[in-house]
Amino acid sequence: MEGAELIIQEINREAEQKIQYLLEEARKNARSLEEEARKRGQSRAEWILRKAKTQAEIEKQRIVASAKLEVRKKKLAVQEELIGEVMKAVKERLSGLSDEDYFETLLGLTKEAVGELGVQRVVVRSNGRGLELISKRLEEFSRAVGAEIVLGEPIETIGGIVVSDVEGVVRVDNTFEARMERLGNELRAEIARALFG
């Protein structure tokens, strides 16, 4: 978190220096135009001066807006990178659950899916580890879920479970990846609040 704040402070400092430099250049240009105006006569000078001030103000506004946009883009890029790191850490933590915790998690995800499907016989698919844990305690798992469990083929996932009716017509994807995707925006907002306030 401290690293992110330092990066954002550095971006803001660089943007402020750029704004000051560009404003100074705009002032120099305005002074140069003003000097030229004096040489051509007072009435013409006033017109040129007004025009130069207007141009300088427009340029200043453009520079400030551009610098703010650049700072915002850099800040969002830093936030996005940090959110990505947190999501990666969450996936690593989920894939590193102990066997007992993973079994209990699979049980809960399967109960939820069976409730959504409303059937008494289901096919469950998980990664190799998940299927192995379930097969070792299949009776207990079926009883706790309240449905007859048929083990399907292993799937590529960091964890979680896919539950379907035996015909494979209706299925509930409760893999960790699918759940994170479904909750994606909510998770991202929560992570951003935790990291950046």
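Described below are features of the structure shown in this document. (Residues numbered from 1 in each chain as written. Predicted model: local features only at pLDDT ≥ 70, side-chain atom pairs only at ≥ 80, totals over all residues. Heavy atoms only, no water.)

1. Let's talk about the packing of helix α3 (residues 99–117) against helix α5 (residues 138–145)
It is the contact of α3 with α5, at a shortest axis distance of 9 Å, that shows an interaxial angle of 40°. Judged by the angle between their axes, α3 and α5 are oblique. Seen along the crossing, α3 lies across α5 with a hand that is right-handed. For the pair α3 and α5, contact is made by Phe-103, Leu-106, Leu-107, Thr-110, Lys-111 and Val-114 and by Glu-140, Phe-141, Ala-144 and Val-145, respectively. Per-class residue counts for the contact of α3 with α5 are seven nonpolar, one polar and two charged. (Axes fitted to C-alpha atoms, helices over the stretch in contact; angles between N-to-C directions. Helix = DSSP H or I, 4+ residues; strand = E, 2+ residues; numbered from the N terminus. Parallel < 35°, antiparallel > 145°, perpendicular 65-115°, else oblique. Left-handed = near helix turned anticlockwise from the far one by under 90°. Contact = heavy atoms within 4.5 Å. Nonpolar A, V, L, I, M, F, W, Y, C, P; charged D, E, K, R; others polar.)

2. Some remarks on the side chain of Ser-142
In this structure, Ser-142 sits in helix α5. In this structure Ser-142 touches Ala-147, Glu-148 and Ile-149, once residues within four positions along its chain are discounted.

3. Some points on α3
In this model α3 runs 26 Å from its N-terminal to its C-terminal C-alpha over 19 residues, within 8% of the 27 Å that 1.5 Å per residue would give. Every buried residue belonging to α3 is among Tyr-102, Phe-103, Leu-106, Leu-107, Leu-109, Thr-110, Ala-113, Val-114 and Leu-117, and all of these are buried. Directly beyond the C-terminal end of α3, a positive phi value near 70° is found at Gly-118. (Expected span 1.5 Å × (residues − 1). Buried < 20%, exposed > 50% of the residue type's maximum accessible area, 1.4 Å probe, protein only.)

4. What to know about the pairing of strand β3 (residues 160–165)
Along β3, six of the six residues are buried, which leaves the element largely enclosed by surrounding structure. Side chains Gly-160, Val-162 and Ser-164 of β3 all project onto a buried face; the interleaved residues Ile-161, Val-163 and Asp-165 project onto the opposite face, where all are buried too. Looking at chain direction, strand β1 (residues 121–125) and β3 are connected through four bridges and run antiparallel. Bridge pairing links Arg-125 to Val-162 in β3. Where β3 lies against strand β4 (residues 171–175), five bridges are found, and the strand directions are antiparallel. Bridging across to β4, Ile-161 finds its partner in Asn-174. Two successive antiparallel strands, β3 and β4, enclose a turn made up of five residues, where Gly-168 displays a positive phi of approximately 75°. (Pairing = 2+ DSSP bridges.)

5. So, the packing of aromatic side chains
Following the criterion strictly, the structure yields two aromatic pairs and no others. The interplanar angle of 65° and the centroid separation of 5.6 Å between the aromatic rings of Phe-103 and Phe-141 together place this pair among those described as edge-to-face. Taken together, the residues Phe-103 in helix α3 and Phe-141 in helix α5 connect sequence positions 38 residues apart. According to the relative accessible area criterion, Phe-141 is buried, its value standing at 0%. Note that Arg-137 overlies the ring of Phe-103, its terminal NZ or CZ placed 3.8 Å from the centroid. (Phe/Tyr/Trp six-rings, centres within 6.5 Å; stacked < 30°, edge-to-face > 60°. Lys NZ or Arg CZ within 6 Å of the ring centre and 35° of its normal.)

6. Section: the packing of α3 against helix α4 (residues 128–136)
The N-to-C vectors of α3 and α4 enclose an angle of 85°; their axes lie 10 Å apart at closest approach. Here α3 lies roughly perpendicular to α4, going by the angle between them. When α3 is examined against α4, the residues Asp-99, Tyr-102, Phe-103 and Leu-106 are found in contact with a partner set consisting of Arg-129, Gly-130, Leu-133 and Ile-134. Along the lines of polarity and charge, the residues of the contact of α3 with α4 split into five nonpolar, one polar and two charged.

7. Focus: the side chain of Ser-126
Residue position: Ser-126 is located in the loop between β1 and α4. The buried category is assigned to Ser-126, whose relative accessible area is 0%. There is a polar contact of 3.5 Å between the side chain of Ser-126 and the side chain of Tyr-102. Those residues in contact with Ser-126, other than ones at most four positions away along the chain, are Tyr-102, Leu-106, Leu-131, Glu-153, Pro-154, Ile-155, Thr-157, Gly-160 and Ile-161. (Polar contact = N/O pair within 3.5 Å; in protein donor to acceptor, adjacent residues only side chain to side chain.)

As far as function goes, none of this settles anything; it's purely spatial.
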